[in-house]
Amino acid sequence: MTRLSSLNQGRPPAASETAHQQCIRPACGAAYELKNVHQRCAKCGALLDVLYDWERLPVPDGLALFDERRASSRDPLDYSGVWRFRELLPFAEPDKVLTIGEGQTQLRRTDGVAAYIGLDPARLFLQYEGLNPSGSFKDNGMTGAFTHANMVGARYAACASTGNTSASLALFAGVSGLLKAVVFVGSGKIAYGKLSQALDYGATTLQIAGDFDDAMRQVQEVCLQTNLYLMNSLNPFRLEGQKAIMYRVLEGLRWEPPDWIVVPGGNLGNSSAFGKAFIELKQLGLIRRIPRVAIINSTGARTLSALVNERGLKWNAGEVNDGLINAYYAELDEKGIRAHTIASAIEINRPVNLKKALRTLEVSDGVVREVPDEAILDAKAQVGAAGIGCEPASAASVAGARLLRREGLIGPSDVVACILTGHQLKDPNATVAYHAATPEELERSLGSYGVHATQFRNQPIRVKNDLGEILKVISD
Ligand code: F0G
């Protein structure tokens, strides 16, 4: 491969010559040009990757280049927390990139939460993706997908969403004016704050009588039958952008990989993207070791956990056993089981990126765990007490790290990075119910999620409109 230091003269080859889309199944390997739009492999129906001809691309000697860009970020590409790593997702010409300044996020050392998990001080880092412009990690992916949509001249785009994807799509559409956004949400299944974003940013919003899995199925079909461009994480260009979350975690750790990455698992886009990021960094000689990736389900939406831990589903060199998956889904249908968790962003029973996530587990010696909603909300309160507001789904990562620590799989001195995928302002009802509800109210609002006790609640104190009373309460 060409190293950047030896490549200051001459134009690098066009992205269309050095990047393409390819079926994730090595046994199929069908390849497609960048300019084509496919939801899946046209030959065998499997998922697609974006792959690069690294031999012909300028690759940095080391990772310091990215730090330099961070320090002088007048160029919008350098300012972006995704595109400053552009040599690691080189599918677009710079003038096609659509960025809104996404990825200005932080990796925070959080010793209080480390103690809660059972880790030594300076061992836990929280990657706070809630700081993105639309309030979640989705903006990392959306800049990738919008850039590709720009490359292929898309005029309309759609997604299914429990809130964050729709907010992100609507925001990018509003800022760029590139295309019209259509969002599919399950009726009553979208958090209000997120619905308000989609509406305010001008997206056409379809409320489907069903849940996320229903909306996801419909949007795929609609995109196939129309010219709508699909913005869900099935889109491999979205996952290219989401690789940058790992680059920033590594950057925050001075390019020394942690022992563990812990991430909530819903549609399994992040976990898939993270695995690909590590495969490539290792292949490029930019890291020597791949961290173990732990994917955390809620017990109310446990497809990956059930398939991997109970039924032995594996990547198997790309030849995943579809029989096991289909039998599991048939069982869910027979028993009328629907995903049900307070962590709305991971309330998904049919994750579209399942197979790519299996690949991540394989390459990272990863594990899958599931945590109940009560543990998720307790973990969220601990994260909140450390001054970081995240939504319930995000806190699944912290609850999962705690479980793995208790199992002894994570050691006390392991370096752990938990991904906090979204901002606290999603699902605020759950937060307020956790802290403020009377026992009866708690039962009514969170009882059906198995949340019956709130260990770390911070109840508001009722006081009369009277100075004496107020002073008395404060001094107590
Ligand atoms: N965390 C947050 C905050 C999310 O919004 C999502 C997905 C996930 C985790 C799950 O991530 O799919 O990469 O495993 N939200 C989708 C949405 C469903 O519509 O916004 P994944």
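Please refer to the structure placed before this passage.
Reference entry: report on the structure contained in this document. (Residues numbered from 1 in each chain as written. Predicted model: local features only at pLDDT ≥ 70, side-chain atom pairs only at ≥ 80, totals over all residues. Heavy atoms only, no water.)

**A look at a nonpolar patch on the surface**
Right, so step 1: Where nonpolar side chains cluster on the molecular surface, the patch consists of Val-463, Ile-470 and Ile-474 and spans about 250 Å² of accessible area.
Right, so step 2: Here Ile-474 lies in helix α18 (residues 467–475).
Right, so step 3: Judged by its relative accessible area of 63%, Ile-474 falls in the exposed class. (Patch = residues over 30% accessible without salt bridge, like charges linked within 9 Å, V, L, I, M, F, W, Y side chains within 5 Å. Areas by Shrake-Rupley, 256 points an atom, 1.4 Å probe, with all protein chains shown as cover. Salt bridge = Lys/Arg side-chain N within 4 Å of Asp/Glu carboxyl O. Helix = DSSP H or I, 4+ residues; strand = E, 2+ residues; numbered from the N terminus. Buried < 20%, exposed > 50% of the residue type's maximum accessible area, 1.4 Å probe, protein only.)

**A closer look at the nonpolar core**
Right, so step 1: Counting 112 residues, the largest nonpolar core has Phe-91, Met-231 and Phe-278 as the members making the most contacts within it.
Right, so step 2: It is helix α9 (residues 236–252) that contributes the most residues to this core, eight residues altogether. (Core = buried A, V, L, I, M, F, W, Y, C linked by side-chain atoms within 4.5 Å.)

**Focus: the pairing of strand β8 (residues 156–161)**
Right, so step 1: Counting buried positions along β8 gives five out of six residues, so the element sits mostly inside the fold.
Right, so step 2: Sheet topology note: the β8/strand β9 (residues 180–186) ladder contains six bridges and is parallel. For Cys-159, the partnering residue across the bridge sits in β9 and is Val-183.
Right, so step 3: Pairing of β8 with strand β11 (residues 229–230), which is carried by two bridges, proceeds in the parallel orientation. Bridge pairing links Ala-158 to Leu-230 in β11. (Pairing = 2+ DSSP bridges.)

**What about the packing of helix α5 (residues 138–152) against helix α6 (residues 164–176)?**
Right, so step 1: Between α5 and α6, whose axes approach to 9 Å, the crossing angle comes to 50°. In terms of orientation, α5 lies oblique with respect to α6. By crossing handedness, the relation of α5 to α6 is classed as right-handed. Residue-level contacts link Lys-138, Asp-139, Met-142, Thr-143 and Phe-146 of α5 to Asn-164, Thr-165, Ser-168, Leu-169, Phe-172, Ala-173 and Ser-176 of α6.
Right, so step 2: For the contact of α5 with α6, the residue count by class is five nonpolar, five polar and two charged. (Axes fitted to C-alpha atoms, helices over the stretch in contact; angles between N-to-C directions. Parallel < 35°, antiparallel > 145°, perpendicular 65-115°, else oblique. Left-handed = near helix turned anticlockwise from the far one by under 90°. Contact = heavy atoms within 4.5 Å. Nonpolar A, V, L, I, M, F, W, Y, C, P; charged D, E, K, R; others polar.)

**Notes on the packing of aromatic side chains**
Describing an aromatic ring pair means giving the distance of the ring centres and the angle of the ring planes.
Right, so step 1: Under the counting rule described, the total for this entry stands at 10 aromatic pairs.
Right, so step 2: Considering the side-chain rings of Trp-83 and Phe-91, the 5.8 Å spacing of their centres and the 65° angle between planes classify their relative orientation as edge-to-face. As far as burial versus exposure is concerned, Trp-83 and Phe-91 are alike and both buried.
Right, so step 3: Considering the side-chain rings of Tyr-328 and Tyr-329, the 6.3 Å spacing of their centres and the 55° angle between planes classify their relative orientation as tilted.
Right, so step 4: On the accessibility criterion, Tyr-328 (6% relative accessible area) is buried. (Phe/Tyr/Trp six-rings, centres within 6.5 Å; stacked < 30°, edge-to-face > 60°.)

**As for the packing of helix α11 (residues 303–310) against helix α13 (residues 354–364)**
When two helices pack together, you describe them by how their axes are tilted relative to each other and by the distance separating the axes.
Right, so step 1: One way to put it is that α11 packs onto α13 with a least axis distance of 12 Å and a crossing angle of 50°. By the angle between their directions, the pair α11 and α13 is classed as oblique. α11 and α13 meet at a crossing whose hand is right-handed. Across the interface between the two elements, Leu-304, Leu-307 and Val-308 of α11 pack against Leu-354, Leu-358 and Leu-361 of α13.

**Thoughts on the side chain of Thr-360**
Right, so step 1: Turning to its location among the elements, Thr-360 is positioned in helix α13.
Right, so step 2: Within the local environment of Thr-360, its side chain forms a polar contact with the backbone oxygen of Ser-271, the two atoms lying 2.7 Å apart.
Right, so step 3: The residues contacting Thr-360, other than those within four sequence positions of it, are Ser-271, Ser-272, Gly-275 and Val-293. (Polar contact = N/O pair within 3.5 Å; in protein donor to acceptor, adjacent residues only side chain to side chain.)

**Brief notes about the site of the ligand**
Right, so step 1: Of all residues adjacent to the ligand, which total 22 residues, the nearest are Ser-161, Thr-162, Asn-164, Gly-266 and Thr-421.
Right, so step 2: Note that an oxygen atom of the ligand is positioned 2.8 Å from one of the backbone N or O atoms of Asn-267.
Right, so step 3: With the chains in place, 99% of the 480 Å² that the ligand exposes on its own is no longer accessible.
Right, so step 4: Elements supplying a minimum of two residues to the shell around the ligand: β8, α6 and α10 (269–283).
Right, so step 5: Residues belonging to the shell around the ligand are distributed by class as follows: eight nonpolar, 12 polar and two charged. (Near = heavy atom within 4 Å.)

**Notes on the pattern of salt bridges**
Opposite charge on two side chains makes pairing possible when the charged atoms of those side chains draw close.
Right, so step 1: Applying the stated criterion to the full structure yields 27 salt bridges.
Right, so step 2: As a salt-bridge pair, Arg-248 and Glu-129 come within 2.9 Å of each other at their nearest N and O atoms. Here Glu-129 lies in the loop between β7 (124–128) and α5 and Arg-248 lies in helix α9, a separation of 119 residues in the sequence.
Right, so step 3: Exposure remark for Arg-248: the relative accessible area of 4% places this residue in the buried category.
Right, so step 4: Residue class for Glu-129 comes out buried when judged on its relative accessible area of 0%.
Right, so step 5: A salt bridge links Lys-355 to Asp-322; the shortest N-O distance between them is 2.7 Å.

**Digging into the sheet that holds strand β15 (residues 416–420)**
Right, so step 1: Spatially, six strands are ordered β6-β7-β15-β12-β13-β14 in an open sheet, and the strand pairing comes out mixed. Here the strands that pair on one side only, and so sit at the sheet edges, are β6 (106–109) and β14 (367–371). On average, each strand axis in the sheet is tilted by 25° relative to the strand beside it, whichever way the strands run.
Right, so step 2: Note that β6 and β7 share four bridges and pair antiparallel. Residue pairing across strands places Arg-108 opposite Leu-126, the latter belonging to β7.
Right, so step 3: Along the sheet, α13 contacts β13 (292–298) and β14; its crossing angle with β13, the most-contacted strand, is approximately 140°.

**Considering the pairing of strand β2 (residues 19–23)**
Looking down a regular strand, the side chains alternate between one sheet face and the other.
Right, so step 1: Every second residue of β2 is oriented toward a common face, the buried set being Ala-19, Gln-21 and Cys-23 and the non-buried set His-20 and Gln-22.
Right, so step 2: Of the strand pairs in this sheet, β2 and strand β4 (residues 48–52) are connected by five bridges, and their pairing is antiparallel. Each bridged residue has a counterpart across the sheet, and for Gln-22 the counterpart in β4 is Asp-49.
Right, so step 3: For β2 and strand β3 (residues 31–32), the ladder comprises two bridges, and the chain directions are antiparallel. If you follow Gln-21 over to β3, its bridge partner there is Tyr-32.

**As for unusual backbone geometry**
Residues other than glycine predominantly adopt negative phi, and peptide bonds predominantly adopt the trans conformation.
Right, so step 1: A positive phi angle, near 65°, is found at Ala-122, a position not held by glycine.
Right, so step 2: Take Ala-122: its relative accessible area is 29%, and that puts it in the partly exposed class.

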